[in-house]
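Below, each chain spelled out in residue letters.
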Amino acid sequence: KSGKFSDCDSQPKKPSTGDVQILLSWNNYNDLDLICVDPYNEKVWYKNKNVPSGGKLEIDMNVKYPGSKTPIENIYWPTGGAPNGTYSVSLLYYKQHTDINETPYKITVIYGDSTKEYTGKIKYEDKTIPICTFTLGDAENQNNPAPPSSNKRRAELLREREKLKRQIDQIDRELQNIKNNKNFNK
């Protein structure tokens, strides 16, 4: 209502397109979320709006109620930026803001020279449903796509950071246990 977008960095008036575009639309206030897993097994969605391969969740609507009665979500890779390989698209029924349980949706997937539309209905109980998989580029190079070196290095660093975070969490838990045992023995 305020015209400010807190869901994404800045939401454009028109969805961007490129080598790959996945556009979701529906017609009520409920919160649906689009998910795309890229050829490197990186997931673009509301918890991870940008992935090293260049994919971006650009528009994420109806996070808060009331939102829009004609919301959209848009994931895309810019022209010249999408890696070859297999992508998978899913739909998550994140939050039911109204008494409408079953939400009709339309997902348009554009990649290469192809445009495909998927329509259906999702219920809150469904949680996440698979929509489609598609392959961009040469089929010979699909099994092991090589990311650009900077994207490959970024992906390695992100994995290492997650590993270190898990180690720090484990250390914090052990320190807390020691502290709790010390207080117990007093």
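Preceding block: the structure.
Summarised in this report is the structure supplied together with it. What you are looking at is a predicted structure, and each value in this text was computed from that prediction instead of being measured. (Residues numbered from 1 in each chain as written. Predicted model: local features only at pLDDT ≥ 70, side-chain atom pairs only at ≥ 80, totals over all residues. Heavy atoms only, no water.)

Moving on, we come to unusual backbone geometry. Of note, the phi angle at N41 is positive, near 70°, even though the residue is not glycine. Within the fold, N41 resides in the loop between strand 2 (31–37) and strand 3 (43–44). Positive phi, normally seen in glycine, also occurs at K127, with a value near 60°. Positionally, K127 belongs in the loop between strand 8 (114–123) and strand 9 (128–136). Accessibility expressed as a relative area gives 36% for K127, which makes it partly exposed. (Helix = DSSP H or I, 4+ residues; strand = E, 2+ residues; numbered from the N terminus. Buried < 20%, exposed > 50% of the residue type's maximum accessible area, 1.4 Å probe, protein only.)

Of all hydrophobic cores here, the largest spans 27 residues; its most connected members are V20, I22, W77, L91, Y105 and I107. If you list the elements that add at least two residues to this core, you get strand 1 (20–26), strand 2, strand 5 (72–77), strand 6 (85–95), strand 7 (102–111) and strand 9. For this core, the element with the highest residue contribution is strand 9, accounting for 5 residues. With residues near it in sequence (within four places) discarded, V20 still touches I75, Y76, W77, A82, Y87, I110, Y111, F134 and L136. (Core = buried A, V, L, I, M, F, W, Y, C linked by side-chain atoms within 4.5 Å. Contact = heavy atoms within 4.5 Å.)

On to the sheet that holds strand 6. Within the open sheet, the 4 strands sit side by side as 3-2-6-9. Their pairing is antiparallel. Edge positions in the sheet fall to strand 3 and strand 9, since each of these pairs with one other strand and no more. Sheet topology places strand 6 next to strand 9; 8 bridges connect them, and they run antiparallel. Across the sheet, the residue bridging to S90 is P130, located in strand 9. (Pairing = 2+ DSSP bridges.)

Moving on: the environment of D31. Topologically, D31 is positioned in strand 2. A sequence separation of 63 residues divides D31 from Y94, and the C-alpha atoms of the two residues are 5.5 Å apart.

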